[in-house]
Amino acid sequence: MPLEDGDPVRWKGQQVNGEVSGTPWLEGTGDPPLQGTPAPDGSRTEVTAEGWEPGPAPGDGGVTPRGALQQAGQHEEALMAELSELVQKVVKSSSWWERHGIDISILACSFLLLPAGFLCLRSAQAIPFLAGVLTLGVVHHTLTVKGSHLASHNALTESKSWGKVWAVFFIELCSAFTAEQATYNHVKIHHGYTNVIGLGDSSTWKLPFLNRYVYMFIAPLAVPIITPLVALDLLRNVEWKAALRTLCCMFLGLYCHYWLLRHVSGFQSPWSALLCMLLTRSLLAHPYIHVNIFQHIGLPMFAADRKPKRIHLMSLGVLNLPRNALLDWSFGHSLISCHVEHHLFPSLSDNMCLKIKPVVSQYLKQKKLPYNEDTYASRLRLFLRRYEELMVHAPPITELVGIQ
């Protein structure tokens with residue numbers, strides 16, 4: 001019988017010096033745990049529940065299977081409820097400025113930088129021109145990544161109506177994508193089934209026909225071209241009114257960028273303007289692709305009928321990267337250093353994820369749950385070294401038999 005969400009599971013092994021001395025195994029299968037399996041990052045990433053005490057498994061100590069199931073489910077729900085209460089206290093004690101104002105101000109500042117960026121591109125000198133490219137590139141990614149991400153979770157405002165308006169603006173007008181499909185795929189699928197094979201396992205980021213160096217260093221340059229093409233294909237899955245709105249917003253956003261380059265920045269040739277569009281829109285495409293794979297792929301993956309409850313699913317399958325001034329500004333804390341917090345509480349803004357980070361990290365470590373952290377350079381080395389295993393072949397399913 002397949003395990004359900006609340007099934008008792010027993011976790012075998014702990015991580016020592018980057019090695020897993022024992023791995024989780026499905027009790028009753030007769031398969032012994034593998035020894036000496038390297039941890040995904042080989043450094044600080046805890047993919048095993050180090051220090052977890054085995055909980056009662058079916059048949060242990062006279063506990064009936066049904067009773068053990070109920071105990072395990074109740075225990076996990078209690079953990080999440082306790083953590084949610086702690087986080088809620090922080091949220092209630094925070095001002096509107098902390099909950100929404102800081103992130104809105106970052107997005108507003110990005111808009112205010114647009115004229116300077118376009119005017120710098122008028123210069124024939126290298127330094128002002130490069131400053132313009134850098135400014136427009138950072139602004140573009142702030143609006144399309146940070147803005148779209150917050151809007152998809154309705155984290156910019158407490159009004160659902162305004163939330164829909166901001167989602168259309170940032171996702172369709174700025175990012176040239178479809179708001180309905182972006183929200184569904186990210187919020188409903190990726191967040192609802194994080195690291196569940198075939199659903200939220202980040203497989204949409206895999207291109208197994210590319211080798212590791214092309215994928216990691218060349219393919220990201222094509223993101224500005226691929227994004228609207230994928231959006232057009234996904235329009236088949238939305239109502240005709242939404243599809244028409246998306247087409248109009250996509251065209252308006254792309255044409256405005258092109259028009260400003262021709263008439264404000266002074267590009268004489270259509271091809272030079274299009275090339276500049278590609279350059280600015282792909283300026284941070286490499287870290288964008290890297291972040292999306294670094295923080296999930298290589299961590300435990302689960303089958304839909306054998307996944308742990310929410311608090312364990314997110315603590316096992318999500319990883320935080322260190323703070324980085326450029327990426328914090330352009331992508332937001334929830335995508336960089338507070339990704340674990342974001343997956344546990346996705347409706348919070350970037351600044352609030354940063355504010356609850358000490359509470360969440362302390363609680364998970366206190367309860368001896370994984371709190372995965374690693375550096376950008378370490379993850380990059382890991383993916384280059386194990387690209388075939390992580391990005392080409394199907395990832396192995398983690399068998400959990402004792403999360404208590």
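Residues numbered from 1 in each chain as written. Predicted model: local features only at pLDDT ≥ 70, side-chain atom pairs only at ≥ 80, totals over all residues. Heavy atoms only, no water.

The name given to the chain in an unreviewed UniProt entry is FADS6 desaturase, with Sagittarius serpentarius as the source organism.

**Q** Looking at this structure, how should I read the side chain of histidine 343?
**A** Mapped onto the elements of the fold, histidine 343 is located in helix 13 (residues 339–344). Take histidine 343: its relative accessible area is 0%, and that puts it in the buried class. Separated by 3.4 Å, the side chains of histidine 343 and histidine 296 make a polar contact. Filtering out sequence-adjacent residues up to four positions away, histidine 343 remains in contact with His190, His191, Thr194, His296, Arg310, Met314 and Val318. (Helix = DSSP H or I, 4+ residues; strand = E, 2+ residues; numbered from the N terminus. Buried < 20%, exposed > 50% of the residue type's maximum accessible area, 1.4 Å probe, protein only. Polar contact = N/O pair within 3.5 Å; in protein donor to acceptor, adjacent residues only side chain to side chain. Contact = heavy atoms within 4.5 Å.)

**Q** Hey, could you run me through the packing of aromatic side chains in this one?
**A** In this description, a pair of aromatic rings is defined by centroid distance and the angle of the planes. The tally for this structure, following the rule as stated, stands at 13 aromatic pairs. By the ring-pair criterion, three or more aromatic residues cluster together here, those being Phe111, Trp162, Trp166, Phe169 and Phe170. (Phe/Tyr/Trp six-rings, centres within 6.5 Å; stacked < 30°, edge-to-face > 60°.)

**Q** Looking at this structure, how should I read unusual backbone geometry?
**A** A negative phi holds for most residues other than glycine; trans holds for most peptide bonds. Of note in this structure, asparagine 195 is not a glycine but carries a positive phi near 60°. Overall, asparagine 195 belongs to the buried group, its relative accessible area being 0%. The phi angle at lysine 368 is positive, at roughly 60°, despite the residue not being glycine. Relative to the assigned elements, lysine 368 resides in the loop between helix 14 (350–366) and strand 5 (372–373). Given a relative accessible area of 44%, lysine 368 falls into the partly exposed group.

**Q** Please explain the packing of helix 8 (residues 240–263) against helix 9 (residues 270–281) as it appears in this structure.
**A** Helix packing for two helices is described by the angle between their axes and how far apart those axes are. Look at helix 8 against helix 9: their axes get within 9 Å of each other, and the N-to-C directions meet at 120°. One element, helix 8, and the other, helix 9, form an angle in the oblique class. Along this stretch, helix 8 crosses helix 9, giving a crossing that reads as right-handed. Residues Gly253, Leu254, His257, Tyr258, Leu261 and Arg262 of helix 8 touch helix 9, and the partners they reach there are Pro270, Ala273, Leu274, Cys276, Met277, Thr280 and Arg281. Residue composition of the contact of helix 8 with helix 9, by class: eight nonpolar, three polar and two charged. (Axes fitted to C-alpha atoms, helices over the stretch in contact; angles between N-to-C directions. Parallel < 35°, antiparallel > 145°, perpendicular 65-115°, else oblique. Left-handed = near helix turned anticlockwise from the far one by under 90°. Nonpolar A, V, L, I, M, F, W, Y, C, P; charged D, E, K, R; others polar.)

**Q** Mind showing me how you'd approach a nonpolar patch on the surface here?
**A** Taken together, the side chains of Ile225, Ile226, Leu229, Val230, Leu232 and Leu247 make up a nonpolar region of the molecular surface, amounting to roughly 510 Å² of accessible area. The greatest single-element share of the nonpolar patch, amounting to five residues, is contributed by helix 7 (residues 223–234). (Patch = residues over 30% accessible without salt bridge, like charges linked within 9 Å, V, L, I, M, F, W, Y side chains within 5 Å. Areas by Shrake-Rupley, 256 points an atom, 1.4 Å probe, with all protein chains shown as cover. Salt bridge = Lys/Arg side-chain N within 4 Å of Asp/Glu carboxyl O.)

**Q** Looking at this structure, how should I read the nonpolar core?
**A** One broad trend across soluble globular proteins is that nonpolar side chains are buried collectively. Counting residues in each nonpolar core, the largest one holds 25 residues, and the members touching the most others are Ile311, Leu344, Phe345, Val360 and Leu364. Within the residue set of this core, elements represented by two or more residues are helix 1 (65–92), helix 11 (310–317), helix 13 and helix 14. In this structure, valine 360 is in contact with Leu83, Val87, Glu341, Leu344, Phe345 and Tyr371, ignoring residues within four places of it in sequence. (Core = buried A, V, L, I, M, F, W, Y, C linked by side-chain atoms within 4.5 Å.)

**Q** So what exactly am I meant to see when it comes to the pattern of salt bridges here?
**A** When the charged atoms of two side chains lie near each other, side chains of opposite charge can form a pair. By the definition in use, this model includes eleven salt bridges. Taking the shortest distance from any N to any O, the salt bridge between glutamate 98 and lysine 355 comes out at 3.0 Å. Taken together, the positions of glutamate 98 in helix 2 (residues 96–120) and lysine 355 in helix 14 put the pair 257 residues apart, joining distant regions of the chain. Note that arginine 245 and glutamate 180 form a salt bridge whose closest N and O atoms lie 2.7 Å from each other.

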